[in-house]
Amino acid sequence: MVVSHDQESLSGWEGGLAPALPHHLFALFYIALYNQRFTAGAQNLSIPFIEENDQTRARQEHLEALRALVGNAYPNKFERSQIVEMGKEDTITAIVEKFRAFEPKAPEGERPPAEAIELANQQLSDKSVRIAGRIATPPRVMGKAAFVHLSDGVMRLQIYVKRTDVKGVSNDAGGGEVDGWELFNLLDHGDFIGVEGYLFITKTGELSVHVRTLQFLAKALLPLPDKMHGINDPEIRQRQRYADLIAGSLKLDREEDELTPREVFERRSKIISEMRRFLEDHGYVEVETPMLTSKATGAAARPFETYHNALGIPLYARIAPELYLKRLLVGGFEKVYELNRNFRNEGIDRTHNPEFTMLEFYWAYADVNQMMDFCEAMLRATVFTALGHTHVKYGDLDIDFSQPFERLTMKEAVIRWWRIRFQYCPSVAEVNDQWFEDGKRITFLAYFLKLLGLESLDLVIEAAFLGDERRKKLNEEVSFSWDRTKTYQGKTDERAQQPSFVAEDLAYLFGELAEPNLVQPTFITDFPKAISPLSKASPADPAVAERFELFIAGMECANGFSELNDPREQYERFNDQMTQRERGDDEAMVMDEDYIRALSYGMPPAAGVGIGIDRFVMLLTNRQSIRDVILFPHLRPERRINPSEG
RNA sequence: GGGCCGAUAGCUCAGUCGGUAGAGCAACUGGCUUUUAACCAGUGGGUCGCAGGUUCGAGUCCUGCUCGGCUCACCA
């Protein structure tokens, strides 16, 4: 008679019949019912794309048994105590930070003296807590008592569960009592539970909670990663960041200075909030400009294209907020910033993700030099507040933010690193500093470098350490490329007649020779105007733009300039870009008529800058890949989890 | 997009010359009332990324594909 009833009608009985029965009998009765359902083949409990194996099956069975024992397996809340600070719920971290001072000191591997533990326990004298967290270790059960650690994602706190002391809490209305030990034995590594009990220090000297009542909160149906090794597979870590975060918080074997994924992203958050605070302290207003635009402008990049159904027009994900922010300068804002995502439809590698976070800010009446000072102050302050110091270890590099950032013009940088690179190559000794003032010679040197090839270029820098034999051979190679370049001089001279080509070649020389060597924060200034279509020319040299880029650890981290505010000149620069576009450069900018119209109302002189937040976070968290500082970086879709792809 | 490397149990990884698929952790069963990666005894767990090919025989050799890593080109 009983078995023929469904669960709903059983629940209905609970008010009347259940109290008459001892609870554990009632629970057994539920288990019998569920077993009946299983053997009857009512197997609709599994989720199709969640893999079934011995471990998931065991967890599923535990879940069903828990339902039988406590009713609702996914209760809606658990109220935690507030003994650390009134008005604030006690997290595990808060409890540990407040009470771990009671742990008696003992030499590594030894137990503290019993008297010290006794004393600590008297001082703790029945401090009751109600805390919740994820079961962070496989339970260590010793017959009639057990130890388990709970984690709140940051810290872990041990709980002690004694068979004779623990009471279980039903999750059904009324929250009656169930067998606590039976409940405990249905728990798996990874489940969420809430416990009530009192603090004490164990014989080994660890702060723990002696559990009086135990409540089930949520099930981990999937097995957790190895407690010692965590997850090493970068694909799982990036695709399933939740698993990465869990594994990082539960992993036992960790280096002293190793950041958990959680700590990486908390630091990211801190860096961003410090930058916001710094800007707001200096009078900047945060604004939000369109991410979906009908024109992709403000930078040299290919956009993502989409389509608006109702309007029937193409739209582009923005590649930069720049032109919108400058429209706001026209409108009267003197200091604005935007901190948000840009989207660029280009290659993906360890420093590029299709969507990335950019901070852009604009300062009316200031020029590029004032902006460099401001940027430097902001970054130094951010590093200090985020890390507590200004010396950053990035891989093998030591980066010092406390010293004034070096400032070099692009030409100075090229000259310096050319000299260092080719100091042991007599065949190119005729190159002197004057060469870099001459467009023809710049195109010549760029051609030479391309001809020489990257492998030889890398060897050249080691020339000092090479044996005589190899150095001789290398010099022959350099000499050969040099002579060969001379036979193409007619072509390079012709190329030099086009200023934008000279500009590109100078930038190429800079990129190959100088950029990788800019380890300490360094401002590179005086960019060729031809590759800076939105920036103002220098008053001293009309061919040079008042523009800078900041390099740290060989990475470009910021890009700023005195903003071009002459609408006529901006119109012509756009036209030049259009010409380049017609020649096949699909990253050249498009004409933005509305922007020209805005400038025509008058824009004050201003400086602006963009800072690549992801790269800056990489530096401050010692990550070598941008995918490690973006919670959910772009990856190809996973085929096996998506049934529609078969 | 090109080149190089990789994919084996839930996780971390071995797998020799082409000859029966392995370990640790995790899981399951039993024991253990203050443990510390708890311990002791036992048991189960595999589409060796996918699809072909060579071979008497393929985790292993060959080809194609998928996904990932590094790197080059492009870009911030």
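Above this text sits the structure in question.
Residues numbered from 1 in each chain as written. Chains lettered and ligands numbered in written order. Predicted model: local features only at pLDDT ≥ 70, side-chain atom pairs only at ≥ 80, totals over all residues. Heavy atoms only, no water.

Draft legend 1. Representation of the overall build of chain A within the structure. On a plain count of helices and strands, chain A comes out with 20 helices and 21 strands. Scaling as 2.2 N^0.38, a compact globule of 646 residues should have a C-alpha radius of gyration of about 26 Å, whereas chain A reaches 33 Å, well beyond that. On the principal axes, the C-alpha backbone points of chain A span a range of 100 × 65 × 50 Å. In chain A, which comprises 646 residues, the proportion classed as buried is 45%. Of the contacts formed within chain A by residues at least 6 apart in sequence, a portion of 68% connects residues at least 24 apart. Surface summary for chain A: the accessible area is close to 32,800 Å², and the carbon and sulfur share equals 51%. Each charge sign in chain A was given a centre, from 76 positive and 100 negative side chains, and these centres are 1 Å apart. (Helix = DSSP H or I, 4+ residues; strand = E, 2+ residues; numbered from the N terminus. Rg over C-alpha atoms; globule rule 2.2 N^0.38 Å. Buried < 20%, exposed > 50% of the residue type's maximum accessible area, 1.4 Å probe, protein only. Contact = heavy atoms within 4.5 Å. Areas by Shrake-Rupley, 256 points an atom, 1.4 Å probe, with all protein chains shown as cover. Lys, Arg positive; Asp, Glu negative; His and termini not counted. Charge placed at Lys NZ, Arg CZ, Asp CG, Glu CD.)

Draft legend 2. Broad picture of the pattern of salt bridges. Here the structure, examined in full by the defined rule, presents 41 salt bridges. Here K219 makes a salt bridge to D188, at a shortest N to O gap of 2.8 Å. Taken together, the residues span a long stretch of sequence, with K219 in the loop between strand 8 (207-218) and helix 7 (234-239) and D188 in the loop between helix 6 (180-184) and strand 7 (192-201) at a distance of 31 residues. You can call D188 buried: its relative accessible area is 11%. E263 is paired through a salt bridge with R254; the nearest N and O atoms lie 3.6 Å apart. (Salt bridge = Lys/Arg side-chain N within 4 Å of Asp/Glu carboxyl O.)

Draft legend 3. Main features of the protein's contact with RNA strand B. Taken together, 57 residues are adjacent to RNA strand B, and D54, R111, T204, H352 and E556 come closest. For RNA strand B, the fraction of protein-proximal atoms (within 4 Å) that sit in sugar or phosphate groups is 55%. Between RNA strand B and E346, the relevant distance is 2.7 Å, taken from a sugar or linking oxygen to a side-chain nitrogen or oxygen of the residue. R615 places a side-chain nitrogen or oxygen 2.4 Å from a sugar or linking oxygen of RNA strand B. (Near = heavy atom within 4 Å. Polar contact = N/O pair within 3.5 Å; in protein donor to acceptor, adjacent residues only side chain to side chain.)

Draft legend 4. Spotlight on the sheet that holds strand 11 (residues 305-308). Ordered by their spatial adjacency, 3 strands build an open sheet running 10-12-11, and the pairing between neighbours is antiparallel. At either margin of the open sheet sits one strand with a lone partner, and together these are strand 10 (292-293) and strand 11. Note that strand 10 and strand 12 (residues 313-317) share 2 bridges and pair antiparallel. Residue pairing for strand 12: T293 is matched across the bridge by Y316. (Pairing = 2+ DSSP bridges.)

Draft legend 5. Here's a closer look at the sheet that holds strand 14 (residues 355-364). One open sheet holds the 8 strands; their spatial order is 9-13-14-21-20-19-18-17, and the pairing between them is mixed. Across the chains shown, the open sheet's two edge strands, defined by having one partner strand only, are strand 9 (285-286) and strand 17 (406-409). Sheet analysis places strand 19 (residues 544-552) next to strand 20 (residues 555-562), joined by 6 bridges and oriented antiparallel. Among the inter-strand pairings, R547 is bridged to a residue of strand 20, identified as F561. Together, strand 17 and strand 18 (522-528) form the strand contacts of helix 12 (residues 410-422), whose direction differs from that of strand 17 by roughly 95 degrees. (Axes fitted to C-alpha atoms, helices over the stretch in contact; angles between N-to-C directions.)

Draft legend 6. A look at the packing of aromatic side chains. Considering all chains together, one arrives at 25 aromatic pairs under this definition. Ring-pair connections join several aromatic residues into one group, and the members of that group are W418, F422, W435, F436, F444, F448 and W482. A cation over an aromatic ring shows up here: R327 above the ring of Y324, its NZ or CZ 4.8 Å from the ring centre. Looking at K450, its charged tip hangs above the ring of Y508, at a distance of 4.7 Å from the centre. (Phe/Tyr/Trp six-rings, centres within 6.5 Å; stacked < 30°, edge-to-face > 60°. Lys NZ or Arg CZ within 6 Å of the ring centre and 35° of its normal.)

Draft legend 7. The environment of L445, seen in detail. Relative to the helices and strands, L445 is located in helix 13 (residues 439-452). A residue is classified by how much of its surface remains accessible, and L445, at 0% relative accessible area, is buried. Counting along the chain gives 86 residues from L445 to I531, while the straight-line C-alpha distance between them is 19 Å. Not counting residues within four places of it along the chain, the set of residues in contact with L445 comprises W418, V431, W435, F436, W482 and L509.

Draft legend 8. The arrangement of helix 8 (residues 241-250) in detail. Most of helix 8 is tucked away: 7 of the 10 residues are buried. Turning to helix 8, the residues buried within the fold contact strand 1 (128-135), strand 3 (145-151), strand 4 (156-162), helix 7 and helix 9 (261-281).

Draft legend 9. A look at the pairing of strand 8. For strand 8, the tally of buried residues reaches 10 of 12 residues, placing the bulk of the element in the interior. Pairing analysis gives 3 bridges linking strand 4 to strand 8, with the strands arranged parallel. Bridge pairing links Q158 to S208 in strand 8. Direction of pairing for strand 5 (residues 167-169) relative to strand 8: parallel, over a ladder of 2 bridges. Residue pairing in the sheet places K167 in a bridge with T213 of strand 8. Linking strand 7 back to strand 8 in an antiparallel pair, the connection comprises 5 residues, with G205 at a positive phi of about 90 degrees.

Draft legend 10. Seen up close, a nonpolar patch on the surface. Taken together, Y242, L631 and F632 make up a surface patch of nonpolar side chains, about 330 Å² in accessible area. For F632, the location among the structural elements is in the segment after helix 20 (613-621). By relative accessible area, which is 55% here, F632 ends up exposed. (Patch = residues over 30% accessible without salt bridge, like charges linked within 9 Å, V, L, I, M, F, W, Y side chains within 5 Å.)

Draft legend 11. Structural view of unusual backbone geometry. Notably, D526 is not glycine yet its phi reads approximately 60 degrees, a positive angle. Judged by relative accessible area, which is 36%, D526 ranks as partly exposed.

Draft legend 12. Focus on helix 18 (residues 567-582). Counted at 1.5 Å a residue, the expected span for helix 18 with its 16 residues is 22 Å, and the 22 Å between its end C-alpha atoms agrees. Within the sequence span of helix 18, burial applies to Q570, R573, F574, Q577 and Q580. One side of helix 18 carries all its buried residues, which in axial view fall inside an arc of 110 degrees. Relative to its buried face, helix 18 has exposed residues pointing more than 90 degrees away, namely R568 and E582. On its buried face, helix 18 sits against helix 10 (322-330), helix 17 (499-514) and helix 19 (593-600). Its side-chain oxygen at 2.9 Å from the backbone nitrogen of R568, D566 defines the N-terminal cap of helix 18. Downstream of helix 18 by one or two residues, G584 has phi in the positive range, about 115 degrees. (Expected span 1.5 Å × (residues − 1). Arc of directions from axis to C-beta.)

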